[in-house]
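So the chains spell out like this:
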Amino acid sequence: MSRSSKAILEVVTPEGKRRIRLANRPITLGRASDCDVVISEPFVSACHARIEPTQSGYVIRDTGSTNGTWVNGAKTRKAVFSGSCKTRSIICSRLWAVIGRLH
């Protein structure tokens, strides 16, 4: 997925769904108010994960969260997202996020 492919991050919580257009800069996800994407859920760490652009797409990195970051059912510290398919990233049991192309 090239960064020019209008990639989005879709965050789904019990409160609803948000779509965030990914840019050519890193973004942070977490409960803290200084994160780029604030997720007010008790199972999300203050600074839970970071999404960084790469030459071919994006990489998500767990930033030492308590409950971990899960990608396609596997706990991971780092995962690379490329191509045009959607990839599910489980942040915790009550929240999920999808990185994919905006149609």
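Just give me the short version of the overall build of the chain, but keep the residues and values in it.
If you tally the helices and strands in the chain, you get 0 helices and 11 strands. From first element to last, N terminus to C terminus, the chain shows the α and β order β-β-β-β-β-β-β-β-β-β-β. For the chain, long-range pairs separated by at least 24 residues make up 35% of all intrachain contacts whose partners lie at least 6 apart in sequence. Of the roughly 5500 Å² that the chain leaves accessible, carbon and sulfur atoms contribute 49%.

Go over the pairing of strand S3 (residues 27–30), please, and point to the residues and values.
Residues Ile27 and Leu29 of S3 are buried on one face, and the alternating residues Thr28 and Gly30, pointing to the opposite face, are buried as well. Bridge count between S3 and strand S5 (residues 49–53): 3 bridges; the pairing is antiparallel. Bridge pairing in S5 places Ile27 opposite Ile51. As paired strands, S3 and strand S4 (residues 37–38) are joined by 2 bridges and run parallel to one another.

I'd like a rundown of the nonpolar core, residues and numbers included.
If you look at the biggest cluster of nonpolar residues, it comprises 16 residues, and the most contacted ones within it are Leu9, Leu22, Val37, Ile51 and Ile60. Listing elements by their share of this core, those giving two or more residues are strand S1 (7–13), S3, S5, strand S6 (57–62) and strand S9 (78–82). In contact with Val37, other than residues within four places in its own chain, are Leu9, Val11, Arg18, Ile20, Ile27, Thr28, Leu29 and Gly30.

Tell me about the pattern of salt bridges, and name the residues and values.
Tallied over the entire structure, the rule returns 4 salt bridges. Between Arg50 and Glu52 there is a salt bridge; the shortest N-O distance is 2.9 Å. The class for Arg50 is partly exposed, based on a relative accessible area of 30%. Put simply, Arg77 and Asp62 hold a salt bridge, and the shortest N to O gap is 3.0 Å. Here Arg77 is found in the loop between strand S8 (74–76) and S9, whereas its partner Asp62 is found in strand S6, with 15 residues between them in sequence. Owing to a relative accessible area of 54%, Arg77 belongs among the exposed residues under this scheme.

What counts and how
Residues numbered from 1 in each chain as written. Predicted model: local features only at pLDDT ≥ 70, side-chain atom pairs only at ≥ 80, totals over all residues. Heavy atoms only, no water. Helix = DSSP H or I, 4+ residues; strand = E, 2+ residues; numbered from the N terminus. Contact = heavy atoms within 4.5 Å. Areas by Shrake-Rupley, 256 points an atom, 1.4 Å probe, with all protein chains shown as cover. Buried < 20%, exposed > 50% of the residue type's maximum accessible area, 1.4 Å probe, protein only. Pairing = 2+ DSSP bridges. Core = buried A, V, L, I, M, F, W, Y, C linked by side-chain atoms within 4.5 Å. Salt bridge = Lys/Arg side-chain N within 4 Å of Asp/Glu carboxyl O.

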